[in-house]
Amino acid sequence: MNNQPEARVRFTRQEEPRSAQILQRDERTFRVHTSAYTDERVFREEMDKVFAKTWVYVGHASEIPKAGDFKTSHIGLQPVVVSRGEDDTIHVFVNRCVHRGAVLTRDARGNATEFNCPYHGWVYGIDGRLIAVSERREPGGYSENFRQPEGLFRLPRVATYRGFIFASFNADAPGLEAFLGRARSVIDRKLNLAPGGEIVLRSRPFVVRYQGNWKFQAENIVDAYHFLHTHKGFVNLQARFGDTTGDFGVHKGGSVKEMRKLRFQGATWSCAHGHGMLENPSSHPETYLEGEFSSFYEGIRRTHGDEEFAWLVGKGAVSIFPNVGMIHQQIRTWRPIAPDVTEVTIYPYELKDAPDAYNEGMLRSQERFYGPAGHGAADDVDIFSRNQQGLLGSAVDWLILERGLDTDELVDGDWRGLPASEAPQRALWRAWARLMCEEQT
Ligand code: FES
Ligand SMILES: [Fe+2]
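- As annotated in an unreviewed UniProt entry, the protein chain carries the name Rieske 2Fe-2S domain-containing protein and comes from Ramlibacter aurantiacus.
- Its UniProt record, at the heading Sequence similarities (unreviewed entry), says of the protein chain: "Belongs to the bacterial ring-hydroxylating dioxygenase alpha subunit family."

See below:
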């Protein structure tokens, strides 16, 4: 199942990481050891025990709307193809020819009737079935006794939630809805802002690599604490000049005092399967019912009611363990490449059936903060590489993730924290520890 080289470094029994060596936890303590972000052996273990064992996001249904559409993705280090078959079934298989291993396609997205291996020409259907072995009967070809494989390695579990496609190498993974748990509420609320309840990924994503561990991005997308500090330049610009792209609810302007107030409202969550969440319903939902998009917002308010409307136009963000998040009007994925190399892909999405001017305005607003020339995304990736650089200071062992620990409350199996608590970051580490360490102790 795993295509890591056999000769890879493995832990001996004595060397295996133990929860006590990686995480320090009690009522007052929540600390993570440096090696969890830097050690090559830990990284290899993560590929086997985290990415190959849990549900991993591989794409959105709107990226492959028609039969024959496909996209490439990754589960940990393993390249995969996500395709839509003739009967509308979504297939996820390992992007590796079963002959001698070539990747079948490197295209980010496309449409095909079949995959033709570029090395020796074996042919696979869009569903991954092996259709033809080239020159099979030619001299020196394959005999009657040849045990011909059925096709590409197919992932045993594929499931979707409101268009979000997840796959797992683990046939025993829990049901997807149970796995997502409370984190579904952020997906639901972001999608319910669309009149049709659906989103469409149409724009080209923005892809960036940084010199740091993948968990820095997983932690950061739900880090309400960092904004005023990491993005100080943006905050000062916005306080001085306002929001020149119009108000689409993304990084709304105002004074620094107002921005600070907004960051310290709402709640944080540490969900059972490792998902971190920020919740912040709007305290002024009625303002959305005035202005250019009043009829769009009014339709949403009528459909969902006043109370829910405040949540729909509020600010929510989620980090779905291990590799995808939602913030503002985007889906963001992060792909581990090495302990200190990660690729982030940002997909801005459109709300189906919302006014074109709304979707366009939101896209401009996303570009302003997250695009290649944006004011904010560069700040974050710089911090992730600073983190990795700082961890070379190995005289210090531990990172501290204790903010708000003593005020977290257990609610139906999930921890709810105060705003700007590190509860969402602790979510990741709780699930990580279960998968990496406790199973073996
Ligand atoms: S590696 Fe694909 S046909 Fe040989
Ligand atoms: Fe940030």
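**Regarding the overall build of the protein chain**
Moving on, step 1. Broken down by element type, the protein chain carries 14 helices and 24 strands.
Moving on, step 2. Considering only C-alpha atoms, the protein chain reaches an extent of 80 × 55 × 40 Å along its principal axes.
Moving on, step 3. For the protein chain, the proportion of contacts with a sequence separation of at least 24, taken over those separated by at least 6, is 66%.
Moving on, step 4. As presented, the protein chain carries roughly 20,400 Å² of accessible surface, and 48% of it is formed by carbon and sulfur atoms.
Moving on, step 5. Charge separation in the protein chain, taken as the distance between the mean sites of 54 positive and 59 negative side-chain charges, equals 2 Å.

**Quick look at the sheet that holds strand β7 (residues 109-111)**
Moving on, step 1. If you walk across this open sheet you meet the 4 strands as β6-β5-β4-β7, and the pairing is antiparallel. With partners counted over all chains shown, the strands left at the sheet margins are β6 (90-94) and β7, one partner each. For this sheet, the mean inter-axis angle between neighbouring strands, taken without regard to orientation, is 30°.
Moving on, step 2. Bridge count for strand β5 (residues 78-84) against β6 is 5 bridges, and the pairing is antiparallel. Across the sheet, residue Val82 finds its bridge partner in β6, namely Val92.

**Describing the pattern of salt bridges**
Moving on, step 1. Counted by the stated rule, this structure contains 26 salt bridges.
Moving on, step 2. Between Asp69 and Lys66 there is a salt bridge, with the nearest N and O atoms lying 3.8 Å from each other.
Moving on, step 3. Its relative accessible area of 5% is what places Asp69 among the buried residues.
Moving on, step 4. A salt bridge links Glu343 to Arg335; its shortest N-O distance comes to 3.4 Å. As far as the burial class goes, Glu343 and Arg335 line up, both buried.
Moving on, step 5. What emerges from the salt-bridge pattern is a single network uniting Glu298, Arg301, Arg302 and Asp306.

**Focus: the domain arrangement of the protein chain**
Moving on, step 1. Annotation of the protein chain at the domain level lists domain 1 (56-159) and domain 2 (182-440).
Moving on, step 2. Using only C-alpha atoms to locate each centre, domain 1 and domain 2 end up separated by 34 Å.
Moving on, step 3. Counting residues at the interface gives 10 residues for domain 1 and 12 residues for domain 2.
Moving on, step 4. Across the domain 1-domain 2 interface, the total number found is 0 salt bridges.
Moving on, step 5. Linking domain 1 to domain 2 there are 4 residue pairs in polar contact (both at pLDDT 80 or more).
Moving on, step 6. Among the secondary structure elements, those contributing two or more residues to the side of domain 1 that touches domain 2 are β3 (56-60) and β4 (69-75).
Moving on, step 7. Residue composition of the side of domain 1 that touches domain 2, by class: 3 nonpolar, 4 polar and 3 charged.

**Section: the sheet that holds β3**
Moving on, step 1. Taken together, the 3 strands give an open sheet; going across it, the order is β3-β12-β11, and neighbouring strands pair in antiparallel fashion. At either end of the open sheet lies a strand with only one pairing partner, and these are β3 and β11 (157-161). Strand-to-strand twist in this sheet, taken as the mean axis angle between neighbours without regard to direction, amounts to 30°.
Moving on, step 2. Sheet topology note: the β11/strand β12 (residues 164-168) ladder contains 5 bridges and is antiparallel. When the sheet's bridge partners are listed, Val158 is paired in β12 with Ala167.

**Digging into helix α3 (residues 40-51)**
Moving on, step 1. For α3, with 12 residues, the first-to-last C-alpha span of 15 Å sits near the 16 Å given by 1.5 Å per residue.
Moving on, step 2. With 9 of its 12 residues buried, α3 lies for the most part within the structure.
Moving on, step 3. Those residues of α3 that sit buried are Val42, Phe43, Glu45, Glu46, Met47, Asp48, Lys49, Val50 and Phe51.
Moving on, step 4. Two or three places before Arg41, at the opening of α3, Asp39 has a side-chain oxygen 2.7 Å from that residue's backbone nitrogen.

**Description of the coordination of the iron ion (ligand 2)**
Moving on, step 1. Protein coordination at the iron ion (ligand 2): the donors are His226 (NE2), His231 (NE2), Asp380 (OD) and Asp380 (OD), at 2.1 to 2.4 Å from the metal.
Moving on, step 2. Look at where the donors of the iron ion (ligand 2) fall in the sequence and you get H-x4-H-x148-D. Note that His231 is positioned in the loop between α7 (227-230) and α8 (232-241) and Asp380 in helix α13 (residues 377-390), a separation of 149 residues in sequence. Each member of the pair His231 and Asp380 is classed as buried.

How each quantity is defined
Residues numbered from 1 in each chain as written. Chains lettered and ligands numbered in written order. Predicted model: local features only at pLDDT ≥ 70, side-chain atom pairs only at ≥ 80, totals over all residues. Heavy atoms only, no water. UniProt positions renumbered as here; feature names shortened; annotations may be inferred. Helix = DSSP H or I, 4+ residues; strand = E, 2+ residues; numbered from the N terminus. Contact = heavy atoms within 4.5 Å. Areas by Shrake-Rupley, 256 points an atom, 1.4 Å probe, with all protein chains shown as cover. Lys, Arg positive; Asp, Glu negative; His and termini not counted. Charge placed at Lys NZ, Arg CZ, Asp CG, Glu CD. Pairing = 2+ DSSP bridges. Axes fitted to C-alpha atoms, helices over the stretch in contact; angles between N-to-C directions. Salt bridge = Lys/Arg side-chain N within 4 Å of Asp/Glu carboxyl O. Buried < 20%, exposed > 50% of the residue type's maximum accessible area, 1.4 Å probe, protein only. Domains from an automatic or database assignment. Polar contact = N/O pair within 3.5 Å; in protein donor to acceptor, adjacent residues only side chain to side chain. Nonpolar A, V, L, I, M, F, W, Y, C, P; charged D, E, K, R; others polar. Expected span 1.5 Å × (residues − 1). Donors = N, O, S within 2.8 Å, 3.2 Å for Na, K, Ca; no water.

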